[in-house]
Amino acid sequence: MPPTANDWLERIRALPLPSRVKVLNVCGGHERAISMSGLRTALPAAVELIPGPGCPVCVCPEEDVYEAIQLALHEKVTLLAFGDMLRVPVNVPRSEPRSLEQAKAAGADIRPIASPAEAVRIAESCRGPVVFFAAGFETTTAPVAAMLAEGVPDNLFVLLSGRLTWPAVAMLLESGDAGFDALIAPGHVSTVMGPEEWEFVPHRHHVPAAIAGFRPDTLLAALHAVLSQHLTGQASLQNCYPEVVRPGGNSRARRLLSQVMEVADANWRGIGMIPKSGFVLAETYSAHDARRALPAYRNDVRKRMGEMPPGCDCAHVVLGKLYPDQCRLYGVACTPRKPIGPCMVSDEGACRIWWASGKRRNERAAAATV
Ligand code: SF4
């Protein structure tokens, strides 16, 4: 019988750990599983599990959301986006719609969707242009590539804001101040892109890494793997999710991604440009590229373009430099009902996950009152 979550916990507790080991995860699904199962409270105090860049909505550039809002408001288009994106705020005067949700309330035709297939169905039933604002990591972008490769109605355009996960981790590791000792690599992304994508972590940076699934037993197996490596000074990539993550990943998905998209330098909200971290549509698909086929609404001189809302620490939270409850606004001015930053909006945002898991205390506010 394979070891249970309790078996792995016992093995972790038996390790002769140093006073502090910081382990970064880069997947909203992992963070949700960790927070909802209360895993942090069961671990030895020396083990810090910190969420990193695992939320595509949180890192979607403010200017891309602005572009989507303006297209929806000023062109006769139907704008489609994954539901999380509708409440993400942008920096415009209070008199203007600050999110897709507010633009919808102001009369724009904006509809939440759950899949690219839904975008195709809506485009088939509409006469006018339909814009699919597609923001996401590799796992969300691959189905968009498949949709375009299979052929879409002439009136369907994609406003793409796709990102690759590994370059953000590479950027952290190359910064000289990564701030973590080991990495839990994302299970879903590795399923698509292959585990090989994460080999640079141990090979180039000598940082232990393990790919995990989403149940406590596989997360704890991965945690045990990286802690054991850390203790012995080893660094390798261990696949603790072998039933799903196979060498080479999903070859069809990867083929479609490279057929339909190219990799380019890309901006991450609050973080800045990361080399080779974004997807853009290949020339062959330019007829369906909203940025080429429809009027441009990008405004690079807009006040506070690209910035996070004042006081919001999302950029630090996304990079694993702060825990959500170390943001001074967490649970004070920023809650899921009244979110200030994207990390409190998205289901994959660390702030929202922590709030949903019952973490209501603001550590910074509490420390200030001691
Ligand atoms: S609590 Fe709100 S304001 Fe603070 S980092 Fe999270 S989303 Fe941003």
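This text follows the structure it describes.
Every residue gets a number counted from 1 within its own chain, in the order that chain's sequence is written. In view of the model being predicted, local features appear only for residues whose pLDDT reaches at least 70, and side-chain atom pairs are presented and counted only at 80 or more, with totals across whole chains, interfaces and linings using the full set of residues. Working from all heavy atoms in the structure, the side-chain values ignore hydrogens and water.

Attention now goes to the site of the ligand. Surrounding the ligand, one finds C312, D313, C314, C327, L329, Y330, C334, G341, C343, M344 and C351. Each residue gets one of three labels, nonpolar for Ala, Val, Leu, Ile, Met, Phe, Trp, Tyr, Cys and Pro, charged for Asp, Glu, Lys and Arg, and polar for the others, Gly among them. Looking at the shell around the ligand, its residues break down into 9 nonpolar, 1 polar and 1 charged. We call a residue near a molecule or strand as soon as one heavy atom of that residue lies within 4 Å of the molecule or strand.

Moving on, we get to the side chain of S35. By definition, any uninterrupted DSSP run of H or I lasting at least four residues is a helix, any uninterrupted run of E lasting at least two residues is a strand, and each is numbered from the N terminus. Assignment of secondary structure puts S35 in helix α2 (residues 28–37). By the convention used here, residues are in contact when the closest approach between their heavy atoms is within 4.5 Å. Not counting residues within four places of it along the chain, the set of residues in contact with S35 comprises R40, I353, W354 and S357.

A few words on the sheet that holds strand β4 (residues 109–113). At least two bridges found by DSSP between two strands is the condition for calling them paired. Spatially, 6 strands are ordered β4-β3-β5-β6-β11-β10 in an open sheet, and the strand pairing comes out mixed. The open sheet has two free edges, formed respectively by β4 and β10 (261–268), since each of these has just one partner strand. Strand-to-strand twist across the sheet, computed as the mean angle between neighbouring axes with direction ignored, equals 25°. Relative to strand β11 (residues 272–281), strand β6 (residues 156–163) runs antiparallel, the two sharing 2 bridges. Across the sheet, R163 pairs through a bridge with G278, a residue of β11. Only the stretch in contact is used when a helix axis is fitted, and all axes are lines through C-alpha atoms; the angle between N-to-C directions ranges over 0 to 180 degrees. Packed on one face of the sheet, helix α5 (residues 62–74) meets β3 (78–82), β4, β5 (130–136), β6 and β10 and runs near 165° to β6. Those strands touched by helix α8 (residues 138–150) are β3, β5, β6, β10 and β11, and its axis lies near 155° from that of β6.

Turning to α2, its buried residues number three or more, namely G28, H30, E31, A33, I34 and S35. Trailing α2 by a residue or two, G38 shows a phi angle of about 70°, which is positive. Residue burial is assigned from relative accessible area. The probe radius is 1.4 Å, only protein chains are included, and a residue is buried under 20% of its type maximum, exposed over 50%, and partly exposed in between.

With that settled, the discussion passes to the pairing of β5. Within β5, 7 of the 7 residues are buried, which leaves the element mostly enclosed by the surrounding structure. A two-sided burial pattern is seen for β5, the buried positions comprising V130, F132, A134 and G136 on one face and V131, F133 and A135 on the other. Bridge analysis of β3 against β5 gives 4 bridges, and the strand direction is parallel. Among the inter-strand pairings, A81 is bridged to a residue of β5, identified as F133. Here 7 bridges tie β5 to β6, and the two strands are oriented parallel to one another. Paired with G136 across the two strands is G162, which belongs to β6. Whether a crossover is right-handed depends on one test, that the path from the first strand over the helix to the second runs clockwise when the strands point away from the viewer. The parallel pair β5 and β6 is bridged by α8, and the resulting crossover is right-handed.

Oppositely charged side chains can form a pair if their charged atoms are brought close together. Note on definitions: salt bridges are taken to be side-chain nitrogens of Lys or Arg within 4 Å of carboxyl oxygens of Asp or Glu. Inspection of the entire model under this criterion finds 18 salt bridges. Where K321 meets D177, a salt bridge forms, and the shortest distance between an N and an O atom there is 3.8 Å. Of this pair, K321 sits in the loop between α15 (314–318) and α16 (350–356) while D177 sits in the loop between α9 (166–174) and β7 (182–185), and the two are 144 residues apart along the sequence. A network of salt bridges, in which partner residues are shared, links D64, E67 and R291.

Our next topic: the sheet that holds strand β2 (residues 47–51). Strand order in the open sheet made by the 5 strands is β2-β1-β7-β8-β9, with parallel pairing throughout. Sheet topology places β2 and β9 (237–239) at the edges, where each strand pairs with a single neighbour. Going from strand to strand, the sheet's axes swing by 20° on average, the running direction of each strand aside. Bridge count between strand β8 (residues 209–211) and β9: 3 bridges; the pairing is parallel. Looking at β9, one finds that A209 is bridged to L237. Its contacts with the sheet place α2 against β1 (21–25), β2 and β7, and it is angled at close to 125° to β1.

As a packed pair, helix α7 (residues 116–125) and α8 sit with axes 9 Å apart at the nearest point and diverge in direction by 40°. On the basis of their axis angle, the class for α7 and α8 is oblique. Between α7 and α8, the residues in contact are P116, A119 and V120 and P143, V144 and M147, respectively. In the contact of α7 with α8, the residues fall into 6 nonpolar, no polar and no charged. For classification purposes, angles smaller than 35 degrees are called roughly parallel, those larger than 145 roughly antiparallel, those between 65 and 115 roughly perpendicular, and all remaining angles oblique.

Note on terminology: disulfide denotes any pair of cysteine sulfur atoms within 2.5 Å. Within the structure shown, the criterion is met by 1 disulfide. Residue C55 pairs covalently with C58 via a disulfide, S to S 2.3 Å. Given an S-S torsion of about 80°, the disulfide between C55 and C58 has right-handed geometry. Judged by relative accessible area, which is 1%, C58 ranks as buried.

Put simply, buried Ala, Val, Leu, Ile, Met, Phe, Trp, Tyr and Cys residues joined by side-chain atoms within 4.5 Å make one nonpolar core. Counting 108 residues, the largest nonpolar core has M85, L100, F133, M147 and L183 as its most contacted members. In this structure L100 touches A68, I69, L79, A81, M85, L86, I110 and F133, once residues within four positions along its chain are discounted.

Bear in mind that shape data such as this cannot, by itself, settle questions of function.
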